[in-house]
Amino acid sequence: MLNGLMMDYPLTLDTIVEHARRMTPRKTIKTKLPDGDWHEYSYADLYRRVKKLGNALAALGVEPGDRVGTFAWNNYQHLEFYFGIPGAGAVVHTLNIRLSPEQLKFIIDHAEDKVIFVDGTLLPLIEPIAAQLQTVEHFVLFNADKSQEVNLPNALHYEDLMAAASDDFEWRCADENMAMGLCYTSGTTGMPKGVLYSHRSMMLHTLGVLQAAALGPTEADVVLAVVPQFHAMCWGLPYACAWVGSTIIMPGPHLKPAPLAEMIESERVSIAAGVPTIWNGLYHELRQNPRDISSITELVVGGSAMPRGLIEAYERDFHVNVVHAWGMTEMSPIGSVSKLQTRHHDLDQEGRWDIKAKQGYFVPGVDARIVGDDGAELPWDGETMGELQVRGPWVAAQYYKIERDREHFTADGWFRTGDVVTIDGDGFMTITDRSKDLVKSGGEWISSVDMENMLISHPDVLEAAVIAIPDETWGERPLAVLVPLEGAYDPGALNAWLLEHFPKFWLPDRYVVVDEIPKTGVGKMDKKVLRQWYAHGKL
Ligand code: AMP
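Fair warning: this is a prediction, and the values are worked out from it, not measured in the lab. (Residues numbered from 1 in each chain as written. Predicted model: local features only at pLDDT ≥ 70, side-chain atom pairs only at ≥ 80, totals over all residues. Heavy atoms only, no water.)

Looking at the element boundaries, Asp433 is found in strand β20 (residues 429–434). Along the chain, Asp433 and Val420 lie 13 residues apart, while their C-alpha atoms are 5.2 Å from each other. The contacts of Asp433, once residues within four sequence positions are left out, are Gly418, Asp419, Val420, Leu438, Ile446, Ser447, Ser448 and Val449. (Helix = DSSP H or I, 4+ residues; strand = E, 2+ residues; numbered from the N terminus. Contact = heavy atoms within 4.5 Å.)

Further remarks concern the nonpolar core. Membership of the largest hydrophobic core comes to 96 residues, with the highest contact counts inside it found for Leu46, Phe83, Phe117, Tyr239, Trp326, Leu388 and Val390. Formed by 28 residues, the second largest nonpolar core is a distinct cluster that contains Ile249, Leu260, Ile311 and Trp353. (Core = buried A, V, L, I, M, F, W, Y, C linked by side-chain atoms within 4.5 Å. Buried < 20%, exposed > 50% of the residue type's maximum accessible area, 1.4 Å probe, protein only.)

So, about the site of the ligand. Surrounding the ligand, one finds 16 residues, the nearest of these being Ala325, Thr329, Asp419, Arg434 and Lys524. At a separation of 2.9 Å, a nitrogen atom of the ligand approaches a polar side-chain atom of His324. Contact distances for the ligand include 2.7 Å between an oxygen atom and a side-chain N or O atom of Thr329. When contributions to the shell around the ligand are tallied by element, the ones reaching two or more residues are β14 (322–327) and β20. Split by residue class, the shell around the ligand holds five nonpolar, eight polar and three charged. (Near = heavy atom within 4 Å. Polar contact = N/O pair within 3.5 Å; in protein donor to acceptor, adjacent residues only side chain to side chain. Nonpolar A, V, L, I, M, F, W, Y, C, P; charged D, E, K, R; others polar.)

Next up on the list: helix α15 (residues 527–535). Two or three places before Lys528, at the opening of α15, Asp526 has a side-chain oxygen 3.2 Å from that residue's backbone nitrogen. At the exit of α15 stands Gly537, carrying a positive phi of roughly 70°.

A few words on the packing of aromatic side chains. Evaluated as defined, the whole model comprises 20 aromatic pairs. Ring pairs connect the aromatic residues Phe81, Phe117, Phe142 and Tyr158, which therefore count as one cluster. In this arrangement the basic side chain of Lys30 is found over the ring face of Trp38, its NZ or CZ atom lying 4.8 Å from the centre. Just above the ring of Tyr399 sits the side chain of Lys193; from NZ or CZ to the centre is 5.4 Å. (Phe/Tyr/Trp six-rings, centres within 6.5 Å; stacked < 30°, edge-to-face > 60°. Lys NZ or Arg CZ within 6 Å of the ring centre and 35° of its normal.)

Moving on to the packing of helix α4 (residues 101–111) against helix α5 (residues 123–130). Where α4 meets α5, the closest approach of the two axes is 10 Å, and the angle between their N-to-C directions is 65°. It follows from the interaxial angle that α4 and α5 lie roughly perpendicular. Both α4 and α5 take part in a crossing whose hand is right-handed. Along the contact surface, α4 presents Pro101, Leu104, Lys105 and Ile108, while α5 presents Leu125, Ile126 and Ile129. Broken down by class, the residue content of the contact of α4 with α5 amounts to six nonpolar, no polar and one charged. (Axes fitted to C-alpha atoms, helices over the stretch in contact; angles between N-to-C directions. Parallel < 35°, antiparallel > 145°, perpendicular 65-115°, else oblique. Left-handed = near helix turned anticlockwise from the far one by under 90°.)

So, on to the sheet that holds strand β9 (residues 194–198). Reading across the sheet, the seven strands line up as β7-β6-β5-β3-β4-β8-β9 and stay open at both edges, with mixed pairing between neighbours. Whereas interior strands pair on both sides, the edge strands pair on one side only; in this sheet they are β7 (155–157) and β9. Geometrically, the sheet is characterised by an average inter-axis angle of 25° between neighbouring strands, direction not taken into account. Examined bridge by bridge, strand β4 (residues 91–94) and strand β8 (residues 179–184) share two bridges and lie parallel to one another. (Pairing = 2+ DSSP bridges.)

This part takes up the domain arrangement of the protein. As assigned here, the protein comprises domain 1 (14–255) and domain 2 (439–535). Using only C-alpha atoms to locate each centre, domain 1 and domain 2 end up separated by 38 Å. (Domains from an automatic or database assignment.)

Before going further, it helps to spend a moment on empty space enclosed by the protein. A full pass over the atoms with the stated rule returns four cavities of 30 Å³ or more. Here the largest cavity is characterised by a volume of approximately 60 Å³. Counting residues per element, the ones that place at least two in the lining of the largest cavity are β4 and β8. Grouping the constituent residues of the lining of the largest cavity by class yields six nonpolar, five polar and no charged. (1 Å grid on protein atoms, 1.4 Å probe; cavity = no way out; pocket = protein on both sides within 12 Å on 5 of 7 lines; lining within 4 Å. Points joined across faces, edges and corners; volume = space filled by probe spheres on them.)

Under the counting rule described, the total for this entry stands at 31 salt bridges. Among the ionic pairs, Arg308 bridges to Glu312, the shortest N-O distance being 2.8 Å. Here Arg308 pairs with Glu312, and both are found in helix α11 (residues 308–318), just four residues apart, close to one helical turn. Between Glu350 and Arg308 there is a salt bridge, with the nearest N and O atoms lying 2.8 Å from each other. Placement of the pair is Glu350 in helix α12 (residues 349–357) and Arg308 in helix α11, with a sequence separation of 42 residues. Judged by its relative accessible area of 40%, Glu350 is partly exposed. Residues joined in a network through salt bridges with shared partners are Arg287, Arg308, Glu312, Arg316, Asp317, Glu350 and Asp354. (Salt bridge = Lys/Arg side-chain N within 4 Å of Asp/Glu carboxyl O.)

Here it is in structure tokens:
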């Protein structure tokens, strides 16, 4: 064998802020503060504060390998934690603020967080469990008024620590295989499981995100990250944007449609990223209160399936280019993107929307296959459904402190996504369902996702979730849970609408109206809760 003769240069995250302070020191990061004012500073400022944070962490006794939690909205402080904690050799553990107190306590104890940075606006969510946490030595508050009463043991103020810290700090992350981040999966089944990223995997993922074939932000972009920093590393955007020097807009706690619409208009946002629920809300807001969102070149959407009807509505009504992406916490998270390719240029509008509604092609760096129940690989013919399995340099090899099991990882080194998909001959993937959400009626599969997409594209429907309910004759039957747009709907009209696309046996046995579909901590429809409601006679 002849080895290459290239430098063994570590892939570590300090590289990103070092690059940014030289290349784009004057580009800015803007945060909408809790009181609605803007905070703005430069990448040069970010760099100085990240270095100060390194010293502040060392002063708190944080050692390389320690886990440090963050409990925060998207803001500049959270961005500092994204760089400063790994830069100090520790692991930034982004805590999902929407989890239940029990889940939060479980995760913090499981991760053994030593310090937790807490957004002052979120105190009431963490105070009730703070005294019971087993390993936390300090809580560090920011966005908090000093006069505010705080019920946290050993609470400190972030700005006090920063004021006392020097900005002369030597990075403590020389080894690219060191852990840098920890994120627990949202847990729509069972207890949350931790995914532990390394500097190397996150740097390669960042390069992956920066590809034009993926999300591809550039220096010229103004990027609004609506996807929370506590969800799947904010889809890698903070690292990708900082490396190229994009302007970053952080919405803080202002996630309602109206303030988001204002931000897009006033900041001339070019790339905005969020889950379908957010963009569904924004669409209806814009219909009522039109605003200029023509600056958007990519409305990135992922986390759950973007209904084709909503892609069409955005493009038809607002001329906004929707980019549908798929990923998982276990994949850092980028997996696939549905951007049009050359062969799609001749398609008419309808044909293009069909393509954009797919989850898309796997980005370079991600390897995929579909597998049947018997473990055999299935063809990429756009029709055969099977479980999607992936592998690659930014895909998890096991969960944190859990033995590598066959339920999630195959013997030959692939990660089992649990998504049921088809892939066509050009590598475009379509998710038909989560394996546990498919409805099996009389031995035939019904895709709950397809039905939800069709229901939500009906003008009377705001939200729709389809779950399987037990049935004596058929095994399972679909039940549709709806939030009508104006309060009223006609089941007959909905059935007729569905019958235009699906066989008769797909029609829901019943429609049930609720005020709101329950959501998981990351804004996905929580079918586990719906199934519980059903089991307890609440639907
Ligand atoms: P999480 O790790 O919380 O991001 O959840 C990952 C799961 O979300 C995937 O396995 C999919 O089931 C689902 N998901 C993510 N993006 C999409 C998408 N674009 N379309 C459909 N499902 C998605």
